[in-house]
Amino acid sequence: MAIYDDAVTDLGALGARPIPEFDGVYDVWPRAKRLDAIREGAVKFNERFREQGEVLAVRSLDIAVAPYPTRFALNGAAVSVNPMINITNRMVVVQFLDFAGEPRTLVWEPTVPAGSAQAPFYSQLEGMAGQFLAHKVFAKYRNEPEDVLPKLGLAPEDVDFASFDHLHVQDMRRILGSNSAIEGESKPFAPLFPKAQFIVHRKEVATLEDLHPMQWAWYVERSLEDAQTERFALIDGDVELGHGVAILWTPGHTDGNHSLAINTPDGVWVSSENGVSADNWQPDLSKIPGVAKYAKFFNREVIQNANTLEDSIDQYDSMVKEKTVADPSPRDRRWKQIQPTSEMENWKRQWPVVPTFTHGGMNYGQIKKPEKLRAELAAQVS
């Protein structure tokens with residue numbers, strides 16, 4: 001039986017709970033009324049989410065810089081002769097209290113670059129550009145996921161949950177662990193986080209198990225082959241993991257796409273792959289040639305990251321959902337705190353397609369060993 005049919009996740013066992021503000025919004029019809037319902041739900045969720053508490057700490061670190069087609073990045077709206085921009089993928093570590101008061105650690109976007117290179121788009125790009133251009137000019141490798149945790153004082157065993165916004169360019173065997181060695185490897189992959197449950201939307205697993213030709217270029221084929229899929233915690237819809245941490249279902253880019261919402265001292269942040277720059281969510285403020293004019297001409301308040309438009313209207317609605325949940329940035333209150341999981345670089349060779357405003361990561365508080373957090377919490381109670 002397929003994983004997505006067989007596996008059942010008990011949210012209570014995860015310490016999680018569904019988000020009531022979005023109940024039924026995806027059943028609303030017609031589409032314009034659905035967008036209204038999503039926006040209304042997002043306003044109500046933001047109000048409650050901010051009141052229930054902040055995360056303990058969050059840190060983001062760069063993993064790798066990859067080339068990305070300009071026409072995908074801003075859905076063809078940008079005017080440029082340069083066919084490629086560069087995007088930086090970041091891994092985010094979040095510590096928070098679950099609803100029982102237990103400290104938890106979530107790793108968001110633990111991309112393994114060697115696995116991503118096996119996705120058909122990037123493997124074929126390497127074949128066209130050659131290894132030197134692909135790996136020395138277009139791409140830059142800054143950290144492996146297993147190197148990030150020691151820099152923060154953590155071990156892989158300290159991680160309770162891990163997740164991606166979706167499974168494009170991910171070889172899940174390298175993350176979940178594999179039961180046998182894959183071709184070219186001498187031994188099975190060990191799980192990156194041996195005690196963690198890997199949170200993924202049920203529809204995303206279904207996609208990965210049975211790819212449509214329109215989805216093929218961006219997923220690593222056979223990435224579930226003999227993987228330790230018992231580590232999956234499948235979810236449907238929107239869930240809160242604890243105080244200040246939620247995973248929002250944001251379909252459209254992929255059917256199982258979801259986004260991370262965290263509440264911080266600066267308000268609510270959203271981390272998402274629905275765009276690659278702040279310009280995607282707020283094109284009216286964009287200084288990238290063509291973007292603001294395109295948005296005005298088509299009367300659109302967002303512009304999608306468009307490498308796979310599995311449902312462009314759903315993705316549009318999801319970006320409005322994210323934009324409504326996110327709070328303004330204290331650095332410039334015109335811009336919402338939406339951190340692209342893969343953010344456009346501000347490199348001269350991309351000119352004139354450079355981001356108008358760059359967040360550059362999320363950093364609050366101090367990441368600590370779980371046992372230290374528990375001791376501090378116990379001392380506060382006593």
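None of the values given here were measured: they were computed from a predicted structure.

### Some points on the nonpolar core
- Within the largest apolar cluster, 32 residues are counted, with the highest numbers of intra-cluster contacts made by Val-93, Leu-149, Leu-167, Met-172, Phe-193, Phe-198 and Phe-232.
- Among the secondary structure elements, those contributing two or more residues to this core are strand E2 (57-69), strand E3 (84-97), helix H7 (145-151), helix H8 (173-176), strand E7 (197-201), helix H9 (202-209) and strand E8 (232-235).
- Counting residues per element, this core draws most heavily on E2, which supplies four residues.
- If you look at the next biggest cluster of nonpolar residues, it comprises 24 residues, including Phe-45, Trp-249, Met-319 and Ile-338.

### A short note on the environment of Val-302
- By the element assignment, Val-302 lies in the loop between helix H11 (291-298) and helix H12 (312-325).
- When the C-alpha positions of Val-302 and Ser-318 are compared, they lie 9.9 Å apart, and in sequence the two are 16 residues distant.
- Once residues within four sequence positions are removed from consideration, Val-302 is found in contact with Asn-280, Trp-281, Pro-283, Tyr-316, Met-319, Val-320 and Lys-323.

### Considering the environment of Met-91
- Structurally, Met-91 is set in strand E3.
- Looking at Met-91, the relative accessible area reads 0%, which means it is buried.
- For the pair formed by Met-91 and Gln-124, sequence separation is 33 residues and the distance between their alpha carbons is 25 Å.

### Focus: the packing of aromatic side chains
- Within this structure, the stated rule accounts for twelve aromatic pairs.
- Residues Phe-164 and Phe-198 carry aromatic rings whose centres are separated by 5.6 Å and whose planes lie at 45° to one another, so their mutual orientation is tilted. One end of the pair, Phe-164, is in the loop between strand E6 (161-163) and H8; the other, Phe-198, is in strand E7, and 34 residues separate them in sequence. For the pair Phe-164 and Phe-198, a shared accessibility class is recorded, and that class is buried.
- One aromatic cluster in this structure is built from Tyr-68, Phe-72, Phe-121 and Trp-218.
- One Lys or Arg, Arg-17, reaches over the ring of Phe-99 and ends 3.7 Å from the middle of that ring.
- Stacked on the ring of Phe-22, the Lys or Arg Lys-321 has its end atom at 4.1 Å from the ring centre.

Cut-offs applied
Residues numbered from 1 in each chain as written. Predicted model: local features only at pLDDT ≥ 70, side-chain atom pairs only at ≥ 80, totals over all residues. Heavy atoms only, no water. Core = buried A, V, L, I, M, F, W, Y, C linked by side-chain atoms within 4.5 Å. Buried < 20%, exposed > 50% of the residue type's maximum accessible area, 1.4 Å probe, protein only. Helix = DSSP H or I, 4+ residues; strand = E, 2+ residues; numbered from the N terminus. Contact = heavy atoms within 4.5 Å. Phe/Tyr/Trp six-rings, centres within 6.5 Å; stacked < 30°, edge-to-face > 60°. Lys NZ or Arg CZ within 6 Å of the ring centre and 35° of its normal.

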